[in-house]
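# Examination of the molecular architecture
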Amino acid sequence: MSSLESPLQEKFVLKKKICVLGGCENYKDEFQKELSSNALPIENKQNIGVNISKIDFSFKRDENYEFLLWNIDCRQQRAFLRTIFYNGAEAIIILISETKVDQILYYLDEIQARIPSITLVFCIILEQFTKDEIIYRHFINEDFKSKIKSYNIQINEISEPLDILNQICTTFLKKDKYEELDNACIIDFIPLNFLFVHSDVSDECNDYYEPETRNNRIVQHINTEKLVKYILNLRLDVQFESNNKLKIENEEFGTFSIYLKNGNVYYFPRVCEKCKEKNCSKLKKAPFYICIEAGESAGWTNINGFDQSELLILTKVIALKEGNVNNLPRSVLKQINNINTCEKITK
């Protein structure tokens, strides 16, 4: 062992939340049990609608993860409750019975309406049929073909549950490397005896029950293709860093970036652009998230496929390009001013 190495050296661990959904409650419980290093009593799921466990997972040797696995009850009596457990999740695994493959479409719409740009893995459990038989029976359906094309869904065969975690970690690394927030959607096929090697557990999948929407904020899926078209037609002085990421240079404040998939805005201050202190802690935190939200108005437009969500992002692009201390909303200016406060300059 090198003198520079220490057996007590602490490894950097990435902490992520993963939700597990689907109507196969017994299979979900077994899935959680097989993967987790420790877990709360499963009675929590019957009492409060979710059970939480921890998974310690090493990915490609140098990436160490601590996953909190939230096993969410999807039965009818809990349907109104389950969406409150989605907050903070960075990936969702949905176990799908081979007898109810159509549930993929329902869950896909549900998740994308609430938390777009999330890593989503559907795992079809094979018991009586093969992967090719399932694809022939269901995936030639126009709804399936449309969703697979729209979301660029990958279709795989896997041999063990850990393959799902490897896929999820791969999407995390891609998002970090390319700074993309686009959705990653995967459909896996796995035989039941590969999923639970040491168990004779059986299950009868529940129907899909739509969650309560009255008190939940629904996030509209952004029509990025049409949004990009109008941005280009307006000939705004902006740059596309990727298909879904827009860079805006503001003369007064610095650089803003907008992710077109969800409208999130990030800010790199002018003061940091000019800073020569490379070890500055503030510089390492940049870019900073800026909250810009729509009001209560539903808004309107007569352009088909171009609704309030797209209009809000277009408004952000124009406002951040031409914005100054006299015309930006006070809430936005306050955030920018707080970020621009530099201790090194004020000393």
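Residues numbered from 1 in each chain as written. Predicted model: local features only at pLDDT ≥ 70, side-chain atom pairs only at ≥ 80, totals over all residues. Heavy atoms only, no water.

### Description of the overall build of the protein
To keep it simple, the criterion reads: Put simply, DSSP marks the helices as runs of H or I at least four residues long and the strands as runs of E at least two long, and each gets a number from the N terminus on. When accessible area is computed with a 1.4 Å probe and restricted to protein chains, residues below 20% of their type maximum are described as buried, those above 50% as exposed, and intermediate ones as partly exposed. In this description, contact between two residues means that some pair of their heavy atoms is separated by no more than 4.5 Å. Each accessible area value is a Shrake-Rupley result obtained with a 1.4 Å probe; residue values ignore everything except the protein chains displayed when judging cover.
When helices and strands are counted, the protein shows 13 helices and 13 strands. Out of the 347 residues belonging to the protein, those deemed buried represent 45%. Counted over contacts in the protein with a minimum sequence separation of 6, partners at least 24 positions apart contribute 69%. On the protein, roughly 19800 Å² of surface is accessible, and the fraction owed to carbon and sulfur atoms is 48%.

### Describing the sheet that holds strand S10 (residues 245–250)
Let me state the cut-off plainly: Any two strands between which DSSP finds at least two bridges are classified as paired. Where helices are involved, their axes are fitted lines through C-alpha atoms of the stretch in contact, as for all axes, and angles between N-to-C directions lie from 0 to 180°.
An order of S9-S10-S11-S12-S13 is seen for the 5 strands of this open sheet, with the pairing classed as antiparallel. One side of each edge strand has no neighbouring strand; the edge strands of this open sheet are strand S9 (239–242) and strand S13 (288–290). Averaged over all pairs of adjacent strands, the angle between strand axes in this sheet comes to 30°, irrespective of strand direction. When strand S11 (residues 254–259) meets strand S12 (residues 265–269), the two strands line up antiparallel, connected through 5 bridges.

### Here we look at the packing of aromatic side chains
Inclusion rule: Pairing of aromatic side chains here covers Phe, Tyr and the six-membered ring of Trp, requires ring centres within 6.5 Å, and sorts the geometry by plane angle: under 30 degrees stacked, over 60 edge-to-face, intermediate tilted.
Applying the stated criterion across every chain yields a total of 11 aromatic pairs. Ring centres 5.5 Å apart and planes at 45° place the aromatic pair Tyr27 and Phe196 in the tilted group. Linking Tyr27 in helix H1 (residues 25–35) with Phe196 in the loop between helix H7 (192–195) and helix H8 (224–233), this pair joins segments that are 169 residues apart in sequence. Residue class for Phe196 comes out buried when judged on its relative accessible area of 3%. Both rings, one in Tyr65 and one in Phe172, keep their centres 6.1 Å apart while their planes meet at 40°; by these two values the pair is tilted.

### A word on the nonpolar core
Test applied: Only buried residues count toward a nonpolar core. Its members are Ala, Val, Leu, Ile, Met, Phe, Trp, Tyr and Cys residues joined through side-chain atoms within 4.5 Å.
Ranked by internal contacts, the top residues of the largest apolar core, which has 34 residues, are Leu21, Phe122, Ile124 and Phe139. Breaking this core down by element, the ones donating at least two residues are strand S1 (13–21), strand S4 (63–72), strand S5 (91–97), helix H3 (103–114), strand S6 (119–126), helix H4 (131–139), helix H5 (142–150) and strand S8 (184–191). Of all the elements, H3 adds the most residues to this core, at 5 residues. Apart from the residues within four sequence positions on either side, Phe139 is in contact with Val101, Ile124, Ile134, Phe144, Lys145, Ile148, Ile155, Ile187 and Phe189. Listed in part, the 30 residues of the second largest apolar core include Ile18, Val121, Leu192 and Cys205.

### Remarks on the pattern of salt bridges
Rules: In what follows, salt bridge is the name for a side-chain nitrogen of Lys or Arg lying within 4 Å of a carboxyl oxygen of Asp or Glu.
Applying the stated rule across the entire model yields 14 salt bridges. With a closest N to O distance of 3.1 Å, Glu90 and Lys16 form a salt bridge. Within this pair, whereas Glu90 is found in the loop between S4 and S5, its partner Lys16 is found in strand S1, the two being separated by 74 residues in sequence. When the shortest N-O distance is used, the salt bridge between Asp207 and Lys100 registers 2.7 Å. Linking Asp207 in the loop between H7 and H8 with Lys100 in the loop between S5 and H3, this pair joins segments that are 107 residues apart in sequence. Residue classification places Asp207 among the partly exposed residues on the basis of a relative accessible area of 43%.

### Considerations on the sheet that holds strand S2 (residues 38–39)
Working definition: the strands of a sheet are paired by backbone hydrogen bonds and lie parallel or antiparallel to each other. Judged by pairing direction, the sheet is mixed, and its 8 strands sit side by side in the order S2-S3-S4-S1-S5-S6-S8-S7 without closing on themselves. Two strands close off the open sheet at either side, each with one partner strand: S2 and strand S7 (154–157). Relative to S8, S7 runs parallel, the two being bridged by 4 bridges. Across the sheet, the residue bridging to Ile155 is Ile187, located in S8. Strand contacts of H4: S6, S7 and S8, with the helix running at about 130° to S8, the strand carrying the most contacts.

### Here we look at the side chain of Ser36
Quick note on the threshold: Counted as a polar contact is a pair of N or O atoms within 3.5 Å, where, for protein atoms, one must be capable of donating a hydrogen and the other of accepting one, and residues adjacent in sequence contribute only when both atoms are in side chains.
With respect to the secondary-structure elements, Ser36 resides in the loop between H1 and S2. Residue classification places Ser36 among the buried residues on the basis of a relative accessible area of 17%. From its side chain, Ser36 meets the backbone oxygen of Gln32 in a polar contact 2.6 Å long. Engagement of the side chain of Ser36 in a polar contact is seen with the side chain of Ser53, the distance being 2.6 Å.

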